[in-house]
Amino acid sequence: MKKFFGFDELDTNFKKEIIGGLTTFLSMAYILAVNPSILSLQGVEGVPDEMKMDINAVFVATCLAAFVGCLFMGIIAKYPIALAPGMGLNAFFAFTVVLTMGIPWQTALTGVLFSGVIFVILTLTGLREYIINAIPMEMKMAVSAGIGFFITFVGLQSSGIITGDEATLISLGNVQSGGVLLTFAGLVITVILMTKKVPAAIFIGMIATAVIGILTGIVPMPSAIVGSVPSVAPTFGAAFEGLTDFDTIFNVQFLIVVLTFLFVDFFDTAGTLVGVASQANLIKDNKLPRAGKALLADAFATITGAIFGTSTTTSYVESTAGVAAGARSGFASVVTGVLFLAAIFFSPLIVTFTSEVTAPALIIVGILMASNLSKITWGRFEVAVPAFLTVFMMPLTYSIATGIAVGFIFYPITMIMAGRRKEINPMMYGLFIVFILYFIFIN
């Protein structure tokens, strides 16, 4: 085992790897509550039952997808990077694809499956480098930051802090209601923990919020702590059911959905891989060893997650917490995966993680993602316009895809007018046409 994972070469041991894997799990365990809440559209009023995924089945699918994804990354790529259904992508799945576009969640899972298959092909053919280089770095950062704003908006809305208003579209909710006060309390606790750099601050903050909610009667008391494993049948294999929905999958709208899943997962993984590897001092001669295997592991995890019944499974930047605790090899990822599998027996606790409890986590993750705004050259107007529109349009249109489309349409226009035509990769012109068609056919 030590030889397989290269403990001696990496100057690590079982103790460091186990502690690192546990730290990573605690740092990202919030996804076990947040992902089922988002995909089941919990807290969103007026949604027909057929548009909601079964919350218990999604919980199991989340555990299984994370388990398999972590095993892939740990054993195939041997990196201390954990995987689970990604934040942002789950919001896009639920609120844009299902709620806004009206695409059945079964067909949306088909889109996730397709994106995973394409990811595998791109990885095996080496086209991933070309695609990564084609998208300007500042536009990648704008997409990431925009998703952060969107996630924060979802958290504020689902908790009741922001509510609908006929005159102004949105307004401040009832700040004296129990749910809103609970969310504010959770947000304050989590912010304090994050500021103090407490490991697993988001997860601890969410647990504290749930406890406060139970004590005040705002959150229901769980019937048990450990229980039988819920059935995954309501979501398992549903991605293949979507293959029969020919009218939905054979149009430009569905193509945009697949490309968005692919795009966000692709660059999330690349960015996380470089970031974690840099922190662990795993980059050699400015090259990342086994990068192809890491991307392949991520792609296989996405396919597996879609089959189980969850949105795109991707690499988590919270893995840096495990690296900080000593993780250096893929064994830490295996440990994290086993812990996700063990979590499957604690399903009764999911009733305590209501939208008011999970909202602080969404808001904090949004804040962290918004930090990418600092990497955009706002002094260059030709860059600022598409970047700003990408970020701004996501929450305002309640659509990540629309934000990307608007920004990528304006990018070649402003760059050409600024006399920077030579800096535009030909693929950006292709995306320009694709997103023009997106607006033509989306209506």
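One can find the structure itself at the top, above this paragraph.
Predicted model only: the values in this text are computed from it and were never measured. (Residues numbered from 1 in each chain as written. Predicted model: local features only at pLDDT ≥ 70, side-chain atom pairs only at ≥ 80, totals over all residues. Heavy atoms only, no water.)

Engineer: Quick one: what's the story with the overall build of the protein, residue by residue and with numbers?
Structural biologist: Counting its secondary structure elements, the protein contains 21 helices and 4 strands. Considering only C-alpha atoms, the protein reaches an extent of 60 × 60 × 45 Å along its principal axes. When each of the 443 residues of the protein is scored for burial, the buried share is 57%. The long-range share in the protein, meaning contacts at least 24 apart out of those at least 6 apart in sequence, stands at 80%. Only carbon and sulfur atoms are counted for the fraction: they give 68% of the accessible area of the protein, which is about 18300 Å². For the protein, the separation between the mean place of its 20 positive charges and that of its 23 negative charges on side chains is 17 Å. (Helix = DSSP H or I, 4+ residues; strand = E, 2+ residues; numbered from the N terminus. Buried < 20%, exposed > 50% of the residue type's maximum accessible area, 1.4 Å probe, protein only. Contact = heavy atoms within 4.5 Å. Areas by Shrake-Rupley, 256 points an atom, 1.4 Å probe, with all protein chains shown as cover. Lys, Arg positive; Asp, Glu negative; His and termini not counted. Charge placed at Lys NZ, Arg CZ, Asp CG, Glu CD.)

Engineer: Quick one: what's the story with the environment of Ile225, residue by residue and with numbers?
Structural biologist: Summarising the element assignment, Ile225 is placed in the loop between helix 11 (201-216) and helix 12 (238-241). A C-alpha to C-alpha distance of 7.7 Å links Ile225 and Ser347, two positions 122 residues apart in sequence. Dropping the residues within four chain positions of it, Ile225 is found in contact with Phe345, Phe346, Pro348 and Leu349.

Engineer: Can you lay out the packing of helix 6 (residues 89-100) against helix 7 (residues 105-125) for me, pointing to particular residues and giving the numbers?
Structural biologist: In the contact formed by helix 6 and helix 7, the axes pass within 10 Å of each other and the chain directions differ by 120 degrees. It follows from the interaxial angle that helix 6 and helix 7 lie oblique. Of the two elements, helix 6 crosses helix 7, and the hand of that crossing is right-handed. From helix 6, Phe93, Val97 and Val98 reach across to helix 7, where they touch Trp105, Ala108, Leu109 and Val112. Taken together, the residues of the contact of helix 6 with helix 7 break down into 7 nonpolar, no polar and no charged. (Axes fitted to C-alpha atoms, helices over the stretch in contact; angles between N-to-C directions. Parallel < 35°, antiparallel > 145°, perpendicular 65-115°, else oblique. Left-handed = near helix turned anticlockwise from the far one by under 90°. Nonpolar A, V, L, I, M, F, W, Y, C, P; charged D, E, K, R; others polar.)

Engineer: So what's going on with the environment of Met53? Residues and values would help.
Structural biologist: Relative to the helices and strands, Met53 resides in the loop between helix 4 (31-39) and helix 5 (55-77). Given the relative accessible area of 3%, Met53 is considered buried. Through-space distance from the C-alpha of Met53 to that of Gly74 is 30 Å; in sequence the pair is 21 residues apart. Setting aside residues up to four positions removed in sequence, Met53 forms contacts with Leu39, Ser40, Val58, Phe93, Trp105, Leu109, Thr235 and Gly309.

Engineer: Could you give an account of helix 18 (residues 355-370), with specific residues and numbers?
Structural biologist: With 16 residues, helix 18 should reach 22 Å at 1.5 Å per residue; the first-to-last C-alpha distance of 22 Å fits that figure. Most of helix 18 is tucked away, with 14 of its 16 residues classed as buried. (Expected span 1.5 Å × (residues − 1).)

Engineer: Go over the packing of aromatic side chains with me, naming the residues and quoting the values.
Structural biologist: Taken as a whole and assessed by the stated rule, the structure comprises 17 aromatic pairs. With 5.9 Å between their ring centres and 80 degrees between their planes, Phe114 and Phe254 make a pair best called edge-to-face. Of this pair, Phe114 sits in helix 7 while Phe254 sits in helix 14 (residues 252-279), and the two are 140 residues apart along the sequence. Overall, Phe114 belongs to the partly exposed group, its relative accessible area being 31%. Of the residues examined, Phe254 reaches a relative accessible area of 2% and is grouped as buried. An aromatic cluster is built from Phe4, Phe5, Phe7, Phe14 and Phe331, whose rings are joined through pairwise contacts. (Phe/Tyr/Trp six-rings, centres within 6.5 Å; stacked < 30°, edge-to-face > 60°.)

Interpretation in functional terms is not warranted from these geometric data alone.
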